[in-house]
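Structural characterization, general
Chain residues, written in single-letter form:
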Amino acid sequence: MGINNYKGLIGWLIVVCLAEVVASVTYEVGDSTGWTIPSSTDFYSEWAESKTFHVGDELSFNWSGSHDVAEVSEREYENCTKTSNVFGSPLTINLTSTGNHYFICTVDTHCERGQKLAVDVSYSNYFPPGSSSSPASSTATGALLVVISTIVMYI
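Predicted model, so just to flag it, every value in this text is computed and none were measured. (Residues numbered from 1 in each chain as written. Predicted model: local features only at pLDDT ≥ 70, side-chain atom pairs only at ≥ 80, totals over all residues. Heavy atoms only, no water.)

1. Some remarks on the side chain of Asp57
- Counting through the fold element by element, Asp57 comes out in the loop between strand S2 (53–54) and strand S3 (58–61).
- If near-sequence neighbours (up to four positions away) are discounted, Asp57 is found in contact with Ser24, Val25, Tyr27, Thr52, Ile93, Asn94 and Leu95. (Helix = DSSP H or I, 4+ residues; strand = E, 2+ residues; numbered from the N terminus. Contact = heavy atoms within 4.5 Å.)

2. As for the side chain of His110
- Secondary-structure assignment places His110 in the loop between strand S6 (99–104) and strand S7 (116–122).
- Beyond its immediate sequence surroundings of up to four residues, His110 is in contact with Ile37, Ser66, His67, Cys105 and Gln115.

3. Focus: the sheet that holds strand S5 (residues 91–94)
- On the basis of which strands lie adjacent, the open sheet formed by three strands has the order S1-S3-S5 and mixed pairing. Each edge of the open sheet is held by one strand with a lone partner, namely strand S1 (26–28) and S5. On average, each strand axis in the sheet is inclined to that of its neighbour by 20°, with strand direction left out of account.
- Bridge count for S3 against S5 is four bridges, and the pairing is antiparallel. Looking at S5, one finds that Glu58 is bridged to Asn94. (Pairing = 2+ DSSP bridges. Axes fitted to C-alpha atoms, helices over the stretch in contact; angles between N-to-C directions.)

4. A word on the state of the cysteines
- According to the stated counting rule, one finds one disulfide in the structure shown.
- Of all cysteine sulfurs, the one in Cys111 lies closest to Cys105, which takes part in no disulfide; the gap is 8.1 Å. (Disulfide = S-S within 2.5 Å.)

5. Comments concerning the pairing of S7
- With two bridges joining them, S2 and S7 adopt parallel strand pairing. Along S7, the bridge assignment pairs His54 with Ser122.
- Where S6 and S7 come together, six bridges link them in antiparallel fashion. Each residue of the ladder has a partner; that of Tyr102, found in S7, is Ala118.

6. Quick look at the confidence of the model for the protein
- Taken over all residues, the pLDDT of the protein has a mean of 80, while the share at 70 or more is 65%.
- Below a pLDDT of 50 lies the segment residues 15–21, which in the model reaches eight contacts outside its immediate sequence neighbourhood of four places, other chains included.
- Across residues 129–138, confidence stays below pLDDT 50; counting only partners more than four residues off in sequence or on other chains, it has seven contacts. (pLDDT = per-residue confidence, 0-100.)

7. Some thoughts on the sheet that holds S7
- An order of S2-S7-S6-S4 is seen for the four strands of this open sheet, with the pairing classed as mixed. Each edge of the sheet is formed by a strand with only one pairing partner; in this case those strands are S2 and strand S4 (70–72).
- Of the pairings in the sheet, the one linking S4 to S6 comprises three bridges and is antiparallel in character. Paired with Val72 across the strands is Tyr102, a residue of S6.

8. Describing the nonpolar core
- Trp35, Phe53, Leu59, Phe61, Leu117 and Val119 are the most contacted members of the largest nonpolar core, which has 21 residues in total.
- Those elements giving two or more residues to this core turn out to be helix H2 (43–49), S3, S5 and S7.
- In contact with Val119, not counting residues within four places along its chain, are Ala48, Phe53, Leu59, Leu95, Gly99, Asn100, His101 and Phe103.
- Formed by seven residues, the second largest nonpolar core is a distinct cluster that contains Ala70, Tyr77, Tyr102 and Cys111. (Core = buried A, V, L, I, M, F, W, Y, C linked by side-chain atoms within 4.5 Å. Buried < 20%, exposed > 50% of the residue type's maximum accessible area, 1.4 Å probe, protein only.)

The structure is reproduced here in structure tokens:
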């Protein structure tokens, strides 16, 4: 058996390994509702609970009308504390670290009415270019060794 019989398998293994290492997702905050005063104060909490956020993912905030976005501390989130560090639409935020991240609208009583978002970001296999060795790169290296071993076996 020659290597030509295994080109499809080798290609598939490479694609799977690379997809695991670099995959990231852009989430449209609120999906089709967007970033607005929700019909329920639990809307954005329920939206976030239905998602799994990883380092490298992005949050896309889009709205029309009088809104903004501020990234705040947990205490500021809980108390709807207004800050002066706000952003306009459209806004895309790259989730670069694990842990909880908090966002509110600082316009009038929008936050108190439910226009606030908390996301829990977990570790993923995504590492930006130039980052040091990681479990993801170890996984990719291991997979590459499997591919090379397969090639060598059938040459």
